[in-house]
Amino acid sequence: MVQLLITTTMVMGCIVARANDRNQSVQKISEKNVLSAEVPVKWGKMTLKILKGTKGGSPTYGSRSLGYMGLTMYESVVHGNTAYKSLAGQLNGLAVLPQPDKDLKYNWALALNAGQAYLLKQLYEHTPAANKASIDSLENSIYNSEANKEVAERSARYGQEIAKAIFEWSKIDGGYQGYKRNFDSTYALPKEDGLWQAPPKGQSPVALPLHPYWGKNRTFISANGQLEIPKKIPYSYLKDSDYYNQMYEVYKMRSTLTQEQKEIANWWGDDPTETFSPPGHSYNLATITIVTAKADFFKATQTYAKVGMAVADAFINCWKCKYYYHAQRPWYFIFYNIATLWDLYWPEPPFPAFYSGHAAQAAATATVLAGIYGNPFKLIDDSHVGRPMDTQRVVEYKARKFSSFWQVAVETADARMYGGIHTCHDNEVGLKEGSKIGNNVNALPWQG
């Protein structure tokens, strides 16, 4: 492994110069000096391995975890580059963070490494022992790449201090150890026409609402917590109403699905019991973008931080809306008002419909990625390549090509309508709200 020392200058992946150690007492480097994104990417992939391999996962808890993992990655290294600025004092309730000693040398890859390992084991304390061993193995392999033990110890200690501070801040956000209370048996669902009921053929074996109070959690960005709840189309069973027409469109779509639409529905299904979940898919898109763009070390950490916090805030705002309206999903309306023999493409998830969480977090992700890498941007999403063929629906998991981040977001939203679990209105509002959330992430003072 190439040693990622702060004393190393890399251009186009090749070492071109090494400064004299006497001139490296101050740890900051200029924008022209970059480090490889190898270590951030390894931790991005390890994080998703843990999300996927830990039972009881949910898109809500997963999104929260990614927010803290991405932020910690960024904050553990931000003082190593004058082009970037710490977010301490800029986020919702995060006043201060530990500071590095300006007169000492740090290996920023090791700081990142230690912070990621510590926080991932705290957020997923319930993951199997084999997963914890994988975390330790990665941490040790990267740590041992530094020959100077004094620098290694100092750097790892600083990374852990950042992670511990952020973890303590996380404990009071409302979602701490949320995996222990995925479903609330005491939550009283309102009972009126047009309101959500637990599905008879649900994605979850538990016929209870998932995290009904998640919308009360603290957002990372204060402005996202202040966004107004959007308006929805009023319920009506009348055939000339907008509401009926939205549901009828979903009904008709099911019988006319093309092979391409089935492939899209499957690709963005992201069942948290089988994959790293919808927010995990977005975090993997961050990895794909970093690798595709050949981003440097610091830009990679900013990418994970922006995407992580964007999806976390998107799920909080979306869940606030879901449990404000308690809007029904298409199956119940179609069964009682259009056709009793109609069936879903996907099993229904255990929470209300409006608005689409898939659409919101995808739009938030697209907005922050475009803010960093611009549009157009060509990428190939291979997140599910290698999954066994869906023999029931006769769908293979083949990589998908895109020419912009927004194209990814729109396809993600469309997939939920193809799956029969969201209306066009759910998706359109989700995309709009997700964009607002992403813009608020972009508006933070990231540049030094």
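You'll find the structure just up there.
As the structure is a prediction and not an experimental result, all values here were calculated from the model.

Trainee: Explain the overall build of the protein chain residue by residue, including any values.
Mentor: From N to C terminus, the protein chain includes 14 helices and four strands. Against the 2.2 N^0.38 benchmark of 22 Å for 448 residues, the protein chain shows a C-alpha radius of gyration of 23 Å, consistent with a compact globule. For the protein chain, the C-alpha atoms occupy an extent of roughly 80 × 40 × 40 Å along the three principal directions. The buried share of the protein chain, taken over its 448 residues, is 59%. Within the protein chain, contacts between residues separated by at least 24 positions form 84% of all contacts whose residues are at least 6 apart in sequence.

Trainee: Any chance you could break down the environment of Y304 for me, citing the residues and the numbers?
Mentor: Mapped onto the elements, Y304 comes out in helix α10 (residues 297-325). Since its relative accessible area comes to 0%, Y304 is described here as buried. Sequence separation of Y304 and M73 is 231 residues, and the distance between their C-alpha atoms is 7.6 Å. Leaving out residues up to four positions away in the same chain, Y304 has contacts with P40, V41, G44, G70, M73, Y283, A286, T287 and I290. Polar contacts involving the side chain of Y304 include one to the side chain of T287, which spans 2.6 Å.

Trainee: Residues and numbers for the pattern of salt bridges, please.
Mentor: One pass over the structure, following the stated rule, counts 11 salt bridges. For the salt bridge of E260 with R400, the shortest nitrogen-to-oxygen distance reads 2.7 Å. Within this pair, whereas E260 is found in helix α8 (residues 259-267), its partner R400 is found in strand β4 (residues 400-402), the two being separated by 140 residues in sequence. Take R400: its relative accessible area is 11%, and that puts it in the buried class. Note that K436 is salt-bridged to E433, the shortest N-O span being 3.0 Å. Here K436 and its partner E433 are both found in helix α14 (residues 424-442), three residues apart, which amounts to about one turn of the helix. On the accessibility criterion, K436 (32% relative accessible area) is partly exposed. A relative accessible area of 4% places E433 in the buried class. One salt-bridge network, held together by shared partners, links E260, R400 and E411.

Trainee: So what's going on with unusual backbone geometry? Residues and values would help.
Mentor: For the bond running from F354 to Y355, omega is -10 degrees, close enough to zero to count as cis. Locating Y355 in the fold gives a position in the loop between α11 (330-337) and α12 (357-373). The omega angle of the peptide bond from N375 to P376 is 0 degrees, so this bond is cis rather than trans. Structurally, P376 is set in the loop between α12 and β3 (379-381). For D270, which is not glycine, the phi torsion reads 50 degrees and is therefore positive. Mapping D270 onto the fold places it in the loop between α8 and α9 (277-293). The class for D270 is buried, based on a relative accessible area of 3%. Even without being a glycine, H326 presents a positive backbone phi close to 55 degrees. Position of H326 relative to the elements: it lies in the loop between α10 and α11. Judged by its relative accessible area of 8%, H326 falls in the buried class.

Trainee: Describe the packing of helix α2 (residues 59-75) against α9, listing the residues and the values that go with them.
Mentor: For the pair α2 and α9, interaxial distance at closest approach is 7 Å and the crossing angle is 30 degrees. One way to sum up the angle between α2 and α9 is to call them roughly parallel. Contacts between α2 and α9 involve P59, G62, S63, L66, M69, G70 and M73 on the former and, on the latter, S277, P278, P279, G280 and Y283.

Trainee: Could you give me a rundown of the packing of aromatic side chains, with the residues and numbers involved?
Mentor: Evaluated as defined, the whole model comprises 35 aromatic pairs. Ring geometry for Y243 and F333: centres 5.5 Å apart, planes at 70 degrees, overall edge-to-face. On the criterion of sequence distance, the pair formed by Y243 in helix α7 (residues 242-255) and F333 in helix α11 is long-range, its members being 90 residues apart. Looking at F333, the relative accessible area reads 1%, which means it is buried. Centroid distance Y345 to W346: 5.4 Å. Interplanar angle 85 degrees. Geometry classified as edge-to-face. The exposure class assigned to Y345 is buried, which follows from its relative accessible area of 5%. A cation sits over an aromatic face here: R154 above Y106, 6.0 Å from the ring centre.

Trainee: Describe the nonpolar core, and please don't skip the residues or the numbers.
Mentor: Counting residues in hydrophobic clusters, the biggest one holds 124 residues, and the most contacted among them are W43, L71, L91 and M309. Looking at this core element by element, the count peaks at 17 residues for α10. For L71, the residues in contact, after removing those within four places along its chain, are L87, L91, L94, I166, W169, F220, A305 and M309.

Rules of the game
- Residues numbered from 1 in each chain as written.
- Predicted model: local features only at pLDDT ≥ 70, side-chain atom pairs only at ≥ 80, totals over all residues.
- Heavy atoms only, no water.
- Helix = DSSP H or I, 4+ residues; strand = E, 2+ residues; numbered from the N terminus.
- Rg over C-alpha atoms; globule rule 2.2 N^0.38 Å.
- Buried < 20%, exposed > 50% of the residue type's maximum accessible area, 1.4 Å probe, protein only.
- Contact = heavy atoms within 4.5 Å.
- Polar contact = N/O pair within 3.5 Å; in protein donor to acceptor, adjacent residues only side chain to side chain.
- Salt bridge = Lys/Arg side-chain N within 4 Å of Asp/Glu carboxyl O.
- Axes fitted to C-alpha atoms, helices over the stretch in contact; angles between N-to-C directions.
- Parallel < 35°, antiparallel > 145°, perpendicular 65-115°, else oblique.
- Phe/Tyr/Trp six-rings, centres within 6.5 Å; stacked < 30°, edge-to-face > 60°.
- Lys NZ or Arg CZ within 6 Å of the ring centre and 35° of its normal.
- Core = buried A, V, L, I, M, F, W, Y, C linked by side-chain atoms within 4.5 Å.

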